[in-house]
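# Results of the structural survey
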Amino acid sequence: MQLLSWRIWVICNVALKATAIDIDWTSDSSIKEGAATLAYGLLQYYTGNETGDVPGNLPDPYYWWEAGALFGTMIDYWAFTGDDTYVDITFQALQHQVGDDGDFMPQNQTLTEGNDDQGFWAMSAMTAAEMGFKDPDANGKQWLALAQAVFNEYVWRWDTSTCHGGLRWQVFTFNNGYDYKNSVSNGCFFNLASRLARYTGNTTYADWADNVWNWMSDVGFIDNDYNIYDGASDTDGCTEIDKSQWTYNAGMFLEGSAAMYSYTNGSEKWEQRTNGILKTASTVFFNNSVMFEPPCEPQNNCKTDSFSFKAYFVRWLAKTTQLMSSTYDTIHPLLLASARGAALQCSGTATGTAGRQISGSACGQHWVSGANYDGTSGVGQQMSGLSAVFYTLVKGAPVPFTSVTGGTSTGDSSGGSAKTDKTVAGPPPITTADKAGAGILTTLVLGGLGGGMWFMISE
Ligand SMILES: *[C@@H]1O[C@H](CO)[C@@H](O)[C@H](O)[C@H]1NC(C)=O
Ligand SMILES: *[C@@H]1O[C@H](CO)[C@@H](O)[C@H](O)[C@H]1NC(C)=O
Ligand SMILES: *[C@@H]1O[C@H](CO)[C@@H](O)[C@H](O)[C@H]1NC(C)=O
Ligand SMILES: *[C@@H]1O[C@H](CO)[C@@H](O)[C@H](O)[C@H]1NC(C)=O
Ligand SMILES: *[C@@H]1O[C@H](CO)[C@@H](O)[C@H](O)[C@H]1NC(C)=O
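Let me begin by describing the structure that accompanies this report. Keep in mind the model is a prediction, meaning the values are calculated, not measured.

### Examining the site of ligand 5
In the region of ligand 5, the neighbouring residues are N152, N202, T204, Y205 and S413. Contacts to ligand 5 include N202, whose side-chain N or O atom sits 2.3 Å from an oxygen atom. At a separation of 3.3 Å, an oxygen atom of ligand 5 approaches a polar backbone atom of S413. Its free accessible area being 370 Å², ligand 5 has 44% of it covered by the protein chains.

Have a look at this one:
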């Protein structure tokens with residue numbers, strides 16, 4: 001018996017030594033040190049700040065939206081840890097991608113851009129306003145104004161012609177998924193609307209947060225038990241719902257509801273909704289308090305995009321505790337158990353972009369497996385591992401500002417009004433045979449808006 005436990009002790013100790021991210025969870029400085037190692041690893045995938053490269057882009061296979069999400073993570077990384085190593089490249093990336101109309105629809109991206117893609121960049125701009133991130137000078141686009149422009153465009157795109165409302169997944173008729181209405185696009189709208197309401201105090205934003213919630217509930221994408229499903233095709237009136245539950249959908253509605261709770265000075269309605277989502281999410285997405293991605297992780301078939309979803313769920317859980325403090329006692333143990341699993345899982349070695357090495361701190365996906373590194377690596381896993389670790393610092397972190405509690409970002413509530421995308425004429429609609437299942441992906445269209453040449457590659 002004694003010999004056996006001694007052996008177990010040796011094995012555990014060896015396993016710990018092999019782990020590059022060895023964190024003392026009672027020490028903020030130890031957590032920050034671990035996070036710094038993971039952040040360094042994450043940025044080994046990014047070369048956009050190098051001469052000749054494009055700021056704000058990640059190389060293939062990473063889609064443009066994930067870069068927008070990544071720089072949102074880096075804003076919070078700076079705000080939560082005080083490490084300003086990546087402030088300049090984060091600022092440069094976000095400003096480079098604002099596009100001619102100040103709405104995160106740069107020419108290089110518009111032809112494949114969905115409402116959710118645009119939303120992830122806009123939510124990062126909103127985070128910049130809330131966290132007091134470095135403001136651009138008068139030549140740049142202001143963070144708050146960027147978020148408002150995207151909000152305004154969502155209002156124009158709200159589509160009552162089918163399913164009594166809702167945003168479509170895609171902006172343009174010629175993209176696969178135009179006929180799909182989904183939780184992530186409407187979640188981006190809801191999340192932005194509620195945070196804009198809280199930041200500015202303007203009731204128009206709060207009214208839209210209410211509208212989006214009511215529609216989500218009427219159409220059944222949020223059910224009575226606060227399960228949040230993926231979406232449905234509008235061709236049959238949104239009746240055949242894809243019931244996949246992804247962490248990030250729960251997260252964006254959770255944080256938005258908590259922002260509405262804060263905006264309303266603690267209304268019972270938003271308290272109930274926040275608690276309802278949290279209660280259900282804490283059973284659906286956790287195994288022994290450790291977070292996982294149910295539709296793909298246990299089956300080992302997550303994709304480039306879905307590897308990253310837990311990063312945002314962690315973020316929004318942490319923010320929820322700041323906006324509705326009664327959730328802290330439920331959320332913090334989930335964050336901590338997930339972070340412990342993630343730190344153990346970040347023990348691999350991987351190659352980033354242009355041969356850059358991540359040695360001994362590359363993150364796998366399976367936090368529930370702890371020290372059994374699953375052998376996978378990539379931006380999604382690394383961003384999720386990093387997020388799991390640094391968001392445990394939430395108790396001492398700055399609470400998101402509003403315009404009256406210290407926020408300095410200036411707005412423009414008419415942002416995006418120069419936009420003409422409602423009437424843009426694209427190429428002819430693709431034939432049914434070319435259509436991939438919604439939620440899978442997508443048509444990659446290369447070329448410039450208004451250009452004469454179109455190349456379409458179906459995945
Ligand atoms: C790009 O950013 C990385 C990470 O901060 C830094 O090490 C590198 O020197 C930067 N490159 C240039 C050209 O500034
Ligand atoms: C668009 O692509 C061109 C060519 O790669 C690049 O020079 C430019 O910086 C890109 N613009 C944006 C906003 O990404
Ligand atoms: C919340 O309280 C503040 C301060 O009393 C008040 O100015 C504001 O109007 C209230 N907000 C709402 C939505 O009731
Ligand atoms: C929870 O995780 C453990 C360890 O990976 C696994 O064996 C078990 O099947 C998981 N349980 C559920 C309900 O997913
Ligand atoms: C509130 O926001 C709406 C929508 O952008 C805008 O039209 C209105 O002017 C704003 N009101 C104030 C007082 O800023």
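### Structural notes on the site of ligand 2
Around ligand 2, the surrounding shell consists of V54, H96, Q97, P106 and N108. Q97 is positioned with one of its side-chain polar atoms (N or O) 3.1 Å from an oxygen atom of ligand 2. Contacts to ligand 2 include N108, whose side-chain N or O atom sits 2.2 Å from an oxygen atom. The fraction of the free accessible surface of ligand 2 (360 Å²) that becomes covered by protein chains is 52%. Grouping the constituent residues of the shell around ligand 2 by class yields two nonpolar, three polar and no charged.

### A short note on the packing of helix α7 (residues 183-200) against helix α8 (residues 203-219)
One can describe the packing of α7 onto α8 by two numbers: an axis separation of 7 Å at closest approach and a directional angle of 150°. Taken as axis vectors, α7 and α8 run roughly antiparallel relative to one another. At the point where α7 passes α8, the crossing takes the left-handed sense. The residues of α8 that touch α7, namely those facing S183, N186, F189, F190, A193, S194, L196, A197 and T200, are Y205, A206, W208, A209, V212, W213, W215 and M216.

### Overview of the pattern of salt bridges
Enumeration over the complete set of coordinates arrives at eleven salt bridges. Between E130 and R195 there is a salt bridge; the shortest N-O distance is 2.8 Å. On the criterion of sequence distance, the pair formed by E130 in helix α5 (residues 115-131) and R195 in helix α7 is long-range, its members being 65 residues apart. Linking R168 and D234 is a salt bridge whose minimum nitrogen-to-oxygen distance equals 3.0 Å. In this pair, R168 is assigned in the loop between α6 (143-157) and β1 (180-182) and D234 in the loop between β2 (231-233) and β3 (241-242), connecting sequence segments 66 residues apart. Through salt bridges with shared partners, a single network forms among D159, R168, K181 and D234.

### With respect to the packing of aromatic side chains
Tallying each qualifying case throughout the model produces 39 aromatic pairs. When the ring of F190 is compared with that of F253, the centres are 5.1 Å apart and the planes differ by 20°; the resulting orientation is stacked. With F190 in helix α7 and F253 in helix α9 (residues 247-263), this pair connects stretches of sequence that are 63 residues apart. In this structure an aromatic cluster arises from ring pairing among F151, Y154, W158, F189, Y205, W208, W215 and F221. The positively charged end of R168 is found above the aromatic ring belonging to Y178, 4.3 Å away from the centroid. Lying over the aromatic face of W270, R273 brings its terminal NZ or CZ to 4.6 Å of the ring centre.

Reading the values: rules and limits
- For every chain, the first residue of the written sequence is number 1, and numbering continues from 1 onward in sequence order.
- To read the labels, note that chains go from A and ligands from 1, taken in the order they are written.
- In view of the model being predicted, local features appear only for residues whose pLDDT reaches at least 70, and side-chain atom pairs are presented and counted only at 80 or more, with totals across whole chains, interfaces and linings using the full set of residues.
- Each side-chain value is worked out from all heavy atoms of the structure, with water and hydrogens disregarded.
- Any residue with at least one heavy atom within 4 Å of a molecule or strand is counted as near it.
- Counted as a polar contact is a pair of N or O atoms within 3.5 Å, where, for protein atoms, one must be capable of donating a hydrogen and the other of accepting one, and residues adjacent in sequence contribute only when both atoms are in side chains.
- Here the open area of atoms and residues is found with the Shrake-Rupley method and a 1.4 Å probe, where only the protein chains shown may cover a residue.
- Throughout, the ten residues Ala, Val, Leu, Ile, Met, Phe, Trp, Tyr, Cys and Pro are labelled nonpolar, Asp, Glu, Lys and Arg are labelled charged, and all others, Gly among them, are labelled polar.
- Simply put, an axis is a line fit to the C-alpha atoms, just over the touching stretch for a helix, and the angle between two N-to-C directions goes from 0 to 180 degrees.
- Helix and strand definitions follow DSSP, with helices as H or I runs of at least four residues and strands as E runs of at least two, each counted in order from the N terminus.
- Roughly parallel refers to an angle under 35 degrees, roughly antiparallel to one over 145, roughly perpendicular to one between 65 and 115, and oblique to any angle outside these ranges.
- Should the near helix be turned anticlockwise from the far one by less than a right angle, the crossing is left-handed, and should it be turned clockwise, the crossing is right-handed.
- The contact definition used throughout considers only heavy atoms, calling two residues in contact when any of these lie within 4.5 Å.
- For salt bridges, the criterion is a side-chain nitrogen of Lys or Arg within 4 Å of an Asp or Glu carboxyl oxygen.
- Stacked, tilted and edge-to-face pairs are distinguished by plane angle, under 30 degrees for stacked and over 60 for edge-to-face with tilted covering the rest, among Phe, Tyr and Trp rings (Trp via its six-membered ring) whose centres lie within 6.5 Å.
- Placement of a positive charge over a ring is assigned whenever Lys NZ or Arg CZ falls within 6 Å of the ring centre and within 35 degrees of the normal to the ring plane.

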